[in-house]
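Geometric and topological summary
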Amino acid sequence: IRVRPLTCTEARRGDQQVVHSLGDGAVHVSAARHDATFGFSAVFDAGASQEAVFEGSGMRQLVELAIDGFSCTVFAFGQTGSGKTYTLMGPLAQSETQPASPALLGLMQRSFTCLLEQSRSRGSDLALSASYLEIYNEQVRDLLSPGPPCALPLRWSKTRGFYVENQLSVEFESLEAIVSLLLQGSQRRRTSAHALNRHSSRSHALLTIHIRSRAVSAHPAPGEGWGASACPSKQGTLCFVDLAGSERVKETGSSGELSVEANSINRSLLALGKSWGTRPGSPAGPHRSPVTSFVAPPPAGHCISLLAKPRGKRTHIPYRDSKLTRLLARSLGGSGITLMVACISPSSRCLSETLSTLHYASRARRVTTRP
Ligand code: ADP
Ligand code: MG
């Protein structure tokens, strides 16, 4: 859970602060007719730095698991203006004029740095590429391809599962290159004005880093190429999902086109809730990955760890309910590992959305999946 500070506007108009972190993952909401305490793996309050969120959320471990061949996903969830984009990218992506200070960089840039450092220090040869999509009104658009955005078809094949046809995947080797892709894509994201937040993001954005690793043999046999001396390649992904605002339609004063948007957004979030809701109440335990046959404990400090359970009864997961869940089927399914960062505002005016975010996050936290 990340609680952002009161904004200047909220402070000026005298909004009360109704959310307080009690330490040890407990967060307390107190207002006139509400008094509730929730427990999570980690709570970051208004004073928490971007670095503290990166280190305390399990993000570093997630990057390492992606290098090891897992499908890893980070979701930022919460109402518009609650700090999702700030948590993922920092303030940088919202102003084109001056770069933000390095201390404000978000989970994405910190993960890229970590990934590139690991790639150097592990002595393994990592082939990195990125794709960046948005889902707007249940249409998938490529944020990296030049020209006006056009809808791309979502397909399914036995070997690849769900994939987006003609999606651009751009290789990168440096921090500058991937950060510049991130900025290019973010600027193309659909935004439209409505009562709650002038720049509210009405689309889901998915930045996926594809990591192909091949451990390098220390002593390649003479005459042997990379292929012969290297270990079998592993393919992991690290996906950052900046979800559209979770607020309900009536509170944003949406009408016409905007209410169509809000309905598509809610459909995606509902489907996510359902796919997570298939195994409530299961305790987390050691899980076996089909990718590496390595038994991984859930990373320490994880907000939510959805690792595969080797046994258990099958339950239908409604991936077909929305494009978002179809695209994330691999991550939400058996061998995926998911970190969910639920963002909330401390303001009394956001109370009902804050409670709904906390309830959603509590449900998500109790879910485990199987391969
Ligand atoms: P969302 O993406 O959820 O709509 P934003 O990330 O755009 O929300 O945040 C809304 C506003 O609050 C922005 O002006 C952002 O800079 C500010 N903000 C969000 N989280 C924090 C934080 N932890 N510290 C300081 N400012 C924040
Ligand atoms: Mg945003």
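Residues numbered from 1 in each chain as written. Chains lettered and ligands numbered in written order. Predicted model: local features only at pLDDT ≥ 70, side-chain atom pairs only at ≥ 80, totals over all residues. Heavy atoms only, no water.

**Examining the site of ligand 1**
Taken together, 12 residues surround ligand 1, and among them G81, G83, K84, T85 and Y86 come closest. At 3.2 Å, a backbone N or O of S82 approaches an oxygen atom of ligand 1. Taking 560 Å² as the accessible area of ligand 1 by itself, protein coverage stands at 75%. No other element matches the three residues that helix α4 (residues 84-89) contributes to the shell around ligand 1. Grouping the amino acids of the shell around ligand 1 by side-chain chemistry returns two nonpolar, seven polar and three charged. (Near = heavy atom within 4 Å. Polar contact = N/O pair within 3.5 Å; in protein donor to acceptor, adjacent residues only side chain to side chain. Areas by Shrake-Rupley, 256 points an atom, 1.4 Å probe, with all protein chains shown as cover. Helix = DSSP H or I, 4+ residues; strand = E, 2+ residues; numbered from the N terminus. Nonpolar A, V, L, I, M, F, W, Y, C, P; charged D, E, K, R; others polar.)

**Some words on the packing of helix α3 (residues 59-67) against helix α5 (residues 107-121)**
Where α3 contacts α5, the two axes come as close as 10 Å, and the packing angle between them is 50 degrees. The angle between the axes of α3 and α5 places the two elements in the oblique class. In this structure, α3 meets α5 at a crossing whose hand is right-handed. Facing M59, R60, V63, E64 and I67 of α3, the residues of α5 in contact are L107, S111, C114, L115 and Q118. Residue composition of the contact of α3 with α5, by class: six nonpolar, two polar and two charged. (Axes fitted to C-alpha atoms, helices over the stretch in contact; angles between N-to-C directions. Parallel < 35°, antiparallel > 145°, perpendicular 65-115°, else oblique. Left-handed = near helix turned anticlockwise from the far one by under 90°. Contact = heavy atoms within 4.5 Å.)

**Description of the layout of surface pockets**
Any space left empty among the atoms is revealed by the rolling of a water-sized probe across them. Computed from the structure, the second largest pocket encloses a volume of approximately 980 Å³. When residues of the lining of the second largest pocket are traced back to their parent elements, those giving at least two are β6 (124-136), β10 (161-164), β12 (204-215), β13 (234-242), α10 (323-327) and α11 (329-332). Residue composition of the lining of the second largest pocket, by class: 14 nonpolar, 14 polar and six charged. (1 Å grid on protein atoms, 1.4 Å probe; cavity = no way out; pocket = protein on both sides within 12 Å on 5 of 7 lines; lining within 4 Å. Points joined across faces, edges and corners; volume = space filled by probe spheres on them.)

**Thoughts on helix α6 (residues 175-188)**
Taking 1.5 Å as the rise per residue, α6 with 14 residues should run 20 Å; its terminal C-alpha atoms sit 20 Å apart, in good agreement. For α6, the full list of buried residues reads I178, V179, L181, L182, G185 and S186. Along the axis of α6, the buried positions cluster into a sector of 155 degrees, meaning they face one direction only. (Expected span 1.5 Å × (residues − 1). Buried < 20%, exposed > 50% of the residue type's maximum accessible area, 1.4 Å probe, protein only. Arc of directions from axis to C-beta.)

**Describing the UniProt feature "binding site: ATP" (unreviewed entry) in the protein chain**
Here, UniProt's "binding site: ATP" (unreviewed entry) annotation points to G78, Q79, T80, G81, S82, G83, K84 and T85. Checked against the element boundaries, Q79 lands in the loop between β5 (71-77) and α4. Counting through the fold element by element, K84 comes out in helix α4. Filtering out sequence-adjacent residues up to four positions away, K84 remains in contact with A76, F77, G78, Q79, D242, L243, A244, G245 and C343. One polar contact links the side chain of K84 to the main-chain carbonyl oxygen of Q79, over a distance of 3.0 Å. (UniProt positions renumbered as here; feature names shortened; annotations may be inferred.)

**Digging into the packing of aromatic side chains**
Within this structure, the stated rule accounts for three aromatic pairs. Aromatic pair F38 and F40: ring centres 6.4 Å apart, planes at 15 degrees, arrangement stacked. Overall, F38 belongs to the buried group, its relative accessible area being 9%. Taking the centre distance of 6.0 Å and the plane angle of 80 degrees together, the rings of F112 and F240 count as edge-to-face. Here F112 is found in helix α5, whereas its partner F240 is found in strand β13, with 128 residues between them in sequence. (Phe/Tyr/Trp six-rings, centres within 6.5 Å; stacked < 30°, edge-to-face > 60°.)

**Section: the nonpolar core**
Membership of the largest hydrophobic core comes to 44 residues, with the highest contact counts inside it found for M59, V74, F112, I209, L238 and F240. In contact with F240, other than residues within four places in its own chain, are M59, V74, L88, L107, M108, S111, F112, A205, L206, L207 and I209. The next biggest cluster of nonpolar side chains, apart from the first, holds 33 residues, and it includes V3, F77, L133 and L152. (Core = buried A, V, L, I, M, F, W, Y, C linked by side-chain atoms within 4.5 Å.)

**Some remarks on the sheet that holds strand β2 (residues 19-23)**
Read across the open sheet, the three strands follow the order β2-β3-β4; overall the sheet is antiparallel. Each having just a single partner strand, β2 and β4 (34-39) make up the two edges of the open sheet. On average, adjacent strands in this sheet sit at an angle of 20 degrees to one another, irrespective of strand direction. The pairing of strand β3 (residues 26-31) with β4 spans six bridges and is antiparallel. Note on β4: the bridge partner recorded for V27 is F38. Contacts from helix α12 (residues 351-365) reach β2, β3 and β4 within the one sheet, and its direction differs from that of β4 by about 30 degrees. (Pairing = 2+ DSSP bridges.)

**Description of unusual backbone geometry**
The backbone of D24 shows a phi angle near 55 degrees, a positive value even though the residue is not glycine. Looking at where D24 falls in the secondary structure, it is placed in the loop between β2 and β3. Residues other than glycine seldom take positive phi values, yet N166 does so here, at roughly 60 degrees. Along the chain, the position of N166 falls in the loop between β10 and β11 (170-171). On the basis of relative accessible area, N166 is assigned to the exposed category, the value being 65%.

**Focus on the pairing of β5**
β5 sits mainly inside the fold: seven of its seven residues count as buried. Here β5 shows two buried faces, one formed by S71, T73, F75 and F77 and the other by C72, V74 and A76. Looking at chain direction, β5 and β13 are connected through six bridges and run parallel. Residue pairing in the sheet places F75 in a bridge with V241 of β13. In this sheet, strand β16 (residues 336-344) lies alongside β5 in parallel orientation, the contact comprising seven bridges. When the sheet's bridge partners are listed, F75 is paired in β16 with M340.

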